[in-house]
Amino acid sequence: MARKFDTRYPSIDDLRSRAQKKIPKFAFEYLDGGCNEDVNLLRNTSELRDVQLRPNYLKAHNGSSLKTKLFGIEYDAPFGIAPVGLQGLMWPNSPEILAKAAFEHNIPFILSTVTTTSIERASELTEGKAWFQLYHPTEDRLRDDIINRAAAAECPVLVILCDVPTFGFRPRDIRNGLAMPPKMSLNNILQVLGKPNWALETLKHGQPNFETLIPYMPKGLDLKQLGKFMDQTFSGRLNEEKIKPIRDMWKGKLVLKGVASEYDAEEAIGLGIDGIIVSNHGGRQLDAGQSTIKPLATIAEKYGDQIEVMMDSGIRSGPDVARAMASGAKFTFMGRSFMYGVSALGKKGGNHTISLLKTELQQVMEQLCCENTKDFPNHLIK
Ligand SMILES: Cc1cc2nc3c(=O)[nH]c(=O)nc-3n(C[C@H](O)[C@H](O)[C@H](O)COP(=O)(O)O)c2cc1C
């Protein structure tokens, strides 16, 4: 059941506005921005919202349930929390806050390799239910070690990423000199001074670190050395040669995130992958690319009975989740929506955002006369 949410923030947009006021500009812009001119970012939401649904008002209605099965697990809603890097920069402890809220609401939480809590801690907070997203390490030894840690933490699903063959070109982050830990230029110091709650919380929790990667990082790296370490340690471009050993090693479900073409969906099936997330990284990689709702429809129709097809990028509400599901997604994920929630409301932000989305989605289902989440496609106006 959806729990109560704070009625002062009844939309993701309200949370976004509040987050903008609460956290320093460099952190907000890192979260909020797309890439280049933000065309893909804006297209994701606007084209998703072109999808229209048909209600059946006179049909018998026996109640609507958000419960959705994925990979043999029954979740309480058809949406989960997408992996987001550097979460502690937006709000201290935010990955822990979200992992806990996801566990309490029985929805999936995906931990990023480059966020600020570890695989082991995420697993502890979710009693082994957190998924893990792996950035591909250049060295086999490191890859095997991280995968073994995810398996030891009883992580049910490993997510690998194909849409970061190069770093996205993000003018705001370049202007802000974004780095980890944040670069304390005069400009950034002034921004922090203007956000006393954020500064106090950050002081209380200490400087955020890449917790999963600590065992592999030389101590005392300065900023420049840290950037070099990341570049040398991970290579984003995936191919068959890199995916095969992961498939052989990983006994749980394996998901490929970042699929935006039929070609990649077909390759994924050939490589024995269990699910794909049709995603363009929330519009942060290819500004000239399509919105995700466009390839979703064709990919789901063609391959939906061979592989679990999920979707993210641009979803900001219950009706958006319904639109994606009606267009063929079996499950959906959101990145920014949850981070706006935590940046706006701190430790209450996880529960608030999930409750809000559940309430909105329940309303849409009852309005449509859609009893089960798998029935959304029956309501799509083609
Ligand atoms: C600030 C930020 C950092 C992200 N970091 C990662 C990451 O480390 N790994 C990853 O697989 N995806 C990452 N993503 C992409 C998200 O997992 C997801 O695909 C995207 O946020 C979905 O779009 P939405 O924000 O419109 O919901 C990041 C997204 C944002 C906004």
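Residues numbered from 1 in each chain as written. Predicted model: local features only at pLDDT ≥ 70, side-chain atom pairs only at ≥ 80, totals over all residues. Heavy atoms only, no water.

Side note on the packing of helix H5 (residues 94-105) against helix H17 (residues 349-368)
- Interhelical geometry of H5 versus H17 gives an angle of 40° and a closest axis separation of 8 Å. As summarised for this structure, H5 and H17 are arranged oblique, according to the angle between their axes. H5 and H17 meet at a crossing whose hand is right-handed. Here Ile97, Leu98, Ala101, Ala102 and His105 of H5 lie close against H17, whose contacting residues are Gly350, Asn351, Ile354, Ser355 and Lys358.
- Of the residues contributing to the contact of H5 with H17, the split by class is five nonpolar, four polar and one charged. (Axes fitted to C-alpha atoms, helices over the stretch in contact; angles between N-to-C directions. Helix = DSSP H or I, 4+ residues; strand = E, 2+ residues; numbered from the N terminus. Parallel < 35°, antiparallel > 145°, perpendicular 65-115°, else oblique. Left-handed = near helix turned anticlockwise from the far one by under 90°. Contact = heavy atoms within 4.5 Å. Nonpolar A, V, L, I, M, F, W, Y, C, P; charged D, E, K, R; others polar.)

A few points about the packing of aromatic side chains
- If you walk through the whole model with that rule in mind, you get eight aromatic pairs.
- The rings of Phe71, Tyr75, Trp131, Phe331 and Phe333 are connected pair by pair, giving a single aromatic cluster. (Phe/Tyr/Trp six-rings, centres within 6.5 Å; stacked < 30°, edge-to-face > 60°.)

Comments concerning the site of the ligand
- Contacts to the ligand come from 23 residues, most closely from Pro83, Ser112, Gln133, Asp312 and Gly314.
- Measuring from an oxygen atom of the ligand, one finds a side-chain N or O atom of Ser112 at 2.8 Å.
- Contact between the ligand and Gly314: an oxygen atom at 2.8 Å from a main-chain N or O atom of the residue.
- Coverage of the ligand by the protein amounts to 99% of the 600 Å² it exposes when considered alone. (Near = heavy atom within 4 Å. Polar contact = N/O pair within 3.5 Å; in protein donor to acceptor, adjacent residues only side chain to side chain. Areas by Shrake-Rupley, 256 points an atom, 1.4 Å probe, with all protein chains shown as cover.)

Concerning the sheet that holds strand E7 (residues 253-259)
- Taken in spatial order, the eight strands make up an open sheet running E3-E10-E9-E8-E7-E6-E5-E4, and their pairing is parallel. Two strands bound the open sheet, and with one partner strand each, they are strand E3 (79-81) and strand E4 (110-112). Strand-to-strand, the axes of this sheet are offset by a mean angle of 30°, without reference to chain direction.
- By the bridge criterion, three bridges tie strand E5 (residues 131-134) to strand E6 (residues 157-161) in an arrangement that is parallel. Residue pairing in the sheet places Phe132 in a bridge with Leu158 of E6.
- Where H17 meets the sheet, its contacts fall on E3 and strand E10 (331-334), and the angle it forms with E3 comes to roughly 165°. (Pairing = 2+ DSSP bridges.)

Observations regarding H5
- Helix length check: H5 (12 residues) gives 16 Å between terminal C-alpha atoms against 16 Å at 1.5 Å per residue, within 8%.
- With nine of its 12 residues buried, H5 lies for the most part within the structure.
- Buried residues along H5 sit in contact with E3, helix H4 (87-90), helix H6 (119-125), helix H16 (336-345) and H17.
- Phi turns positive, to about 55°, at Asn106, one or two residues after H5. (Expected span 1.5 Å × (residues − 1). Buried < 20%, exposed > 50% of the residue type's maximum accessible area, 1.4 Å probe, protein only.)

A few points about the pairing of strand E8 (residues 275-278)
- Taking every second residue as pointing to the same face, both faces of E8 are buried, with Gly275 and Ile277 on one and Ile276 and Val278 on the other.
- Where E7 meets E8, four bridges bridge the pair, whose relative direction is parallel. Across the sheet, residue Lys257 finds its bridge partner in E8, namely Ile277.
- With helix H13 (residues 262-270) bridging E7 and the parallel E8, this β-α-β connection has right-handed handedness.
- In this structure, E8 lies alongside strand E9 (residues 308-311), joined through four bridges in parallel fashion. Looking at E9, one finds that Ile276 is bridged to Val309. (Right-handed = clockwise from strand over helix to strand, strands pointing away.)

Here we look at the packing of helix H1 (residues 12-22) against H16
- As a packed pair, H1 and H16 sit with axes 7 Å apart at the nearest point and diverge in direction by 50°. Taken together, the axes of H1 and H16 are oblique relative to one another. As for the relative orientation of H1 and H16, their crossing is left-handed in sense. Across from Ile12, Leu15, Arg16, Arg18, Ala19 and Lys22 in H1, the residues of H16 making contact are Ser337, Tyr340, Gly341, Ser343, Ala344 and Leu345.

A word on the side chain of Lys195
- Secondary-structure assignment places Lys195 in the loop between helix H9 (186-193) and helix H10 (196-205).
- Here Lys195 is buried and forms no salt bridge, its nearest opposite-charge partner Glu29 lying at an N-O distance of 11 Å. (Lys, Arg positive; Asp, Glu negative; His and termini not counted. Salt bridge = Lys/Arg side-chain N within 4 Å of Asp/Glu carboxyl O.)

Things to note about the pattern of salt bridges
- Applying the stated criterion across every chain, the model contains 18 salt bridges.
- Here Glu47 and Arg43 are joined by a salt bridge, their closest N and O atoms 3.8 Å apart. Here Glu47 pairs with Arg43, and both are found in helix H3 (residues 39-48), just four residues apart, close to one helical turn.
- Exposure remark for Arg43: the relative accessible area of 32% places this residue in the partly exposed category.
- In this structure, the salt-bridge partner of Asp274 is Arg247, at a minimum N-O distance of 2.8 Å. Of the two residues, Asp274 is situated in the loop between H13 and E8 and Arg247 in helix H12 (residues 240-249); the sequence distance between them amounts to 27 residues.
- On the basis of relative accessibility, which here comes to 22%, the residue Asp274 falls in the partly exposed class.
- Of the residues examined, Arg247 reaches a relative accessible area of 18% and is grouped as buried.
- Taken together, the salt bridges that share partners define one network made up of Arg43, Glu47 and Lys294.

A look at the side chain of Thr353
- Checked against the element boundaries, Thr353 lands in helix H17.
- Judged by relative accessible area, which is 0%, Thr353 ranks as buried.
- Filtering out sequence-adjacent residues up to four positions away, Thr353 remains in contact with Ile12, Leu15, Ser337, Phe338 and Gly341.

Some remarks on the environment of Glu211
- Mapped onto the secondary structure, Glu211 falls in the loop between H10 and helix H11 (223-233).
- The exposure class assigned to Glu211 is partly exposed, which follows from its relative accessible area of 31%.
- Through-space distance from the C-alpha of Glu211 to that of Thr113 is 8.8 Å; in sequence the pair is 98 residues apart.
- Those residues within four positions of Glu211 in sequence are excluded, and the remaining contacts are Thr115, Thr116, Thr117 and Ser118.

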